[in-house]
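Listed here are the chains, written in short residue letters.
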Amino acid sequence: MRHFDYKDGVMHAEDVSLARIAQEVGTPVYVYSAATLTRHFNVFAGAFEGRDVLVAYSVKANSNLAVLSLLGKLGAGADVVSGGELARALTAGIPASKIVFSGVGKKPAEMRAALKAGIRMFNVESEPELEALNAVAVDMGMRAPISFRVNPDVTAGGHEKISTGKAENKFGVAWSAAEAAYARAAELPGIEIVGVDVHIGSQIDELAPFKAAIEKVSGLIERLRAAGHSIKMFDIGGGLGIPYGSNAPAPPLPSEYGAMVKEATAHLDVQMVFEPGRMIAGNAGVLLSTVTYVKRGENRDFLIVDAAMNDLIRPALYDAYHEIEPIIAPKPTTPQKLYDVVGPVCESGDTFTKQREFPQMVSGDVIVMHSAGAYGAVQAGQYNTRPLVPEVLVSGDRYAVVRDRPLVEEILKTESVPSWL
Ligand SMILES: *Cc1c(COP(=O)(O)O)cnc(C)c1O
């Protein structure tokens, strides 16, 4: 069931009219559905019923405190990639014992904060990072629990910029260097080996690359155990794709993914860790925007809307497709027109879609961009001094603004002109 749908001709998030949110909060604004987040988390976690798993939600997909808090209450852990995200996860009440720390460039201060908090494990991505983590842990009189993120050299991911598991990507320890890295880790007094980690990409729409990676890493786990290392955890990362729009090809269901993973790992006695992000949050959020002008171009018409690439960068960055609909259901008599939907930012890349058919629109109409719950608000910026886009969480017939829209004065206050100028 979709939690964003027309009711009496007006698009709702659960039982709240999006026209009401647009009116009361203003646009552009992100709107998330608590029921959808809950359903996605439960469906994903449920796919591993009967197995010892930790579902560590990938905070970078949507890191709003309200979203983290909701998922934490459902039992989610967190996969964080910075000290900032660690602070968010802890502030949202996610226990440190359910937090894993990924990322290629962890700095000593971030390692220190994570060790102090007592996180589940560090996913170490290189030998220099291992040495740095060891030094921090020794200094603190602690041992850091680690997995190496290994790079299995498989092709996966819906776009070049979100494929991470090929040998040429910056991520993970090279496949050929993995065993030597474990041998080195075993010598270090500040390091405790606990597992192996792999994350091959994002928006992956087939099972085969996951299966290939799991089979390769399963072999590695057996070799590492034979070499005397204690491998208790197998972190398979995130990356399961979602449908972007009703005509898009449907990626495997979480149940199918779960069945494949269970079968491929049945012979390994390990605790499984997953780091889903997009699968949980992507279709749990929309971006609302108002048409500012309908502009006649030389050979095409533009819908100039009040959201822009600084609010939702996915189309500009990944050529991403977002389904777009008017929040007021069009009448059957409304003619269809071709439009380019663009924002006001001074970049040609500030284009959400080109030459797509929509019911004819006029200035003041509000549109909804679907599938914007992941990698949307988190990548927003203030380019063109456009205040950071606010976020709203809906649950049933209630809604709350869970991130405010800053005032321009507040933005300007963070800057200063030196007295000597
Ligand atoms: C981004 C990321 C994820 C989440 O990927 P999704 O495609 O959103 O599921 C998981 N793990 C790591 C290490 C990541 O960088």
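See the structure printed just above.
Residues numbered from 1 in each chain as written. Predicted model: local features only at pLDDT ≥ 70, side-chain atom pairs only at ≥ 80, totals over all residues. Heavy atoms only, no water.

Caption draft 1: Local environment of the environment of D311. The residue D311 is located in the loop between β15 (301–305) and α11 (314–318) in this model. In sequence terms D311 and P28 are 283 residues apart; their C-alpha atoms lie 8.0 Å from each other. Apart from residues lying up to four places away in sequence, D311 is in contact with P28, Y30, D306, G376, A377, A380, R386, P387 and V389. A polar atom in the side chain of D311 sits 3.3 Å from the side chain of N310. (Helix = DSSP H or I, 4+ residues; strand = E, 2+ residues; numbered from the N terminus. Contact = heavy atoms within 4.5 Å. Polar contact = N/O pair within 3.5 Å; in protein donor to acceptor, adjacent residues only side chain to side chain.)

Caption draft 2: Up close: the site of the ligand. As a structural note, the neighbourhood of the ligand is formed by 14 residues, with K60, S202, E275, R278 and Y375 the closest of them. Contact between the ligand and S202: an oxygen atom at 2.3 Å from a side-chain N or O atom of the residue. Take Y375: an N or O atom from its side chain is 2.6 Å from an oxygen atom of the ligand. In isolation the ligand has 390 Å² of accessible area, and contact with the protein removes 94% of it. (Near = heavy atom within 4 Å. Areas by Shrake-Rupley, 256 points an atom, 1.4 Å probe, with all protein chains shown as cover.)

Caption draft 3: Summary view of unusual backbone geometry. Following T27, the chain continues into P28 via a peptide bond in cis, with omega recorded as -5 degrees. Inspection of the secondary structure assignment puts P28 in the loop between α1 (18–25) and β4 (29–33). Within the chain, D153 stands out as a residue other than glycine whose phi angle is a positive 55 degrees. One can find D153 in the loop between β9 (144–151) and β10 (173–174). On the accessibility criterion, D153 (36% relative accessible area) is partly exposed. Of note, the phi angle at N384 is positive, near 65 degrees, even though the residue is not glycine. Mapped onto the elements, N384 comes out in the loop between β19 (366–369) and β20 (391–395). (Buried < 20%, exposed > 50% of the residue type's maximum accessible area, 1.4 Å probe, protein only.)

Caption draft 4: Looking closely at the nonpolar core. Within the largest apolar cluster, 99 residues are counted, with the highest numbers of intra-cluster contacts made by F122, I146, F148, F234 and Y257. The element best represented in this core is helix α8 (residues 208–226), accounting for seven residues. When residues of this core are sorted by domain, at least three fall in each of domain 1 (4–31 + 283–412) and domain 2 (103–274). If you look at the next biggest cluster of nonpolar residues, it comprises 17 residues, including F4, L18, A22 and V392. (Core = buried A, V, L, I, M, F, W, Y, C linked by side-chain atoms within 4.5 Å. Domains from an automatic or database assignment.)

Caption draft 5: How the structure looks around the sheet that holds strand β2 (residues 10–13). Strands sit in the order β1-β2-β3 across an open sheet of three strands; the sheet is antiparallel. Each edge of the open sheet is held by one strand with a lone partner, namely β1 (4–7) and β3 (16–17). As defined by bridge partners, β1 adjoins β2 across four bridges and the pair is classed as antiparallel. Paired with K7 across the strands is V10, a residue of β2. (Pairing = 2+ DSSP bridges.)

Caption draft 6: The arrangement of the side chain of H229 in detail. With respect to the helices and strands, the residue H229 is situated in the loop between α8 and β12 (233–235). Sequence-distant contacts of H229, defined by excluding residues within four places in its chain, comprise Y182, A183, A186, I193 and L224.

Caption draft 7: Structural detail: the packing of aromatic side chains. According to the stated counting rule, one finds eleven aromatic pairs in the structure shown. Between F48 and F274, the aromatic rings sit 4.1 Å apart at their centres with planes inclined by 25 degrees, giving stacked as the arrangement. Of the two residues, F48 is situated in the loop between α2 (34–46) and β5 (53–58) and F274 in strand β13 (residues 271–274); the sequence distance between them amounts to 226 residues. For the residue pair F48 and F274, the accessibility class agrees, reading buried in each case. When the centroid spacing of 6.1 Å and the interplanar angle of 70 degrees are considered together, the rings of Y257 and F274 count as edge-to-face. Of this pair, Y257 sits in helix α9 (residues 254–264) while F274 sits in strand β13, placing them 17 residues apart in sequence. The class of Y257 is buried, set by a relative accessible area of 1%. For F274, a relative accessible area of 0% corresponds to the buried category. Through a chain of ring-to-ring contacts, the aromatic side chains of F44, F48, F210, Y257 and F274 assemble into a single cluster. (Phe/Tyr/Trp six-rings, centres within 6.5 Å; stacked < 30°, edge-to-face > 60°.)

Spatial relationships are all this shows, so hold off on functional conclusions.
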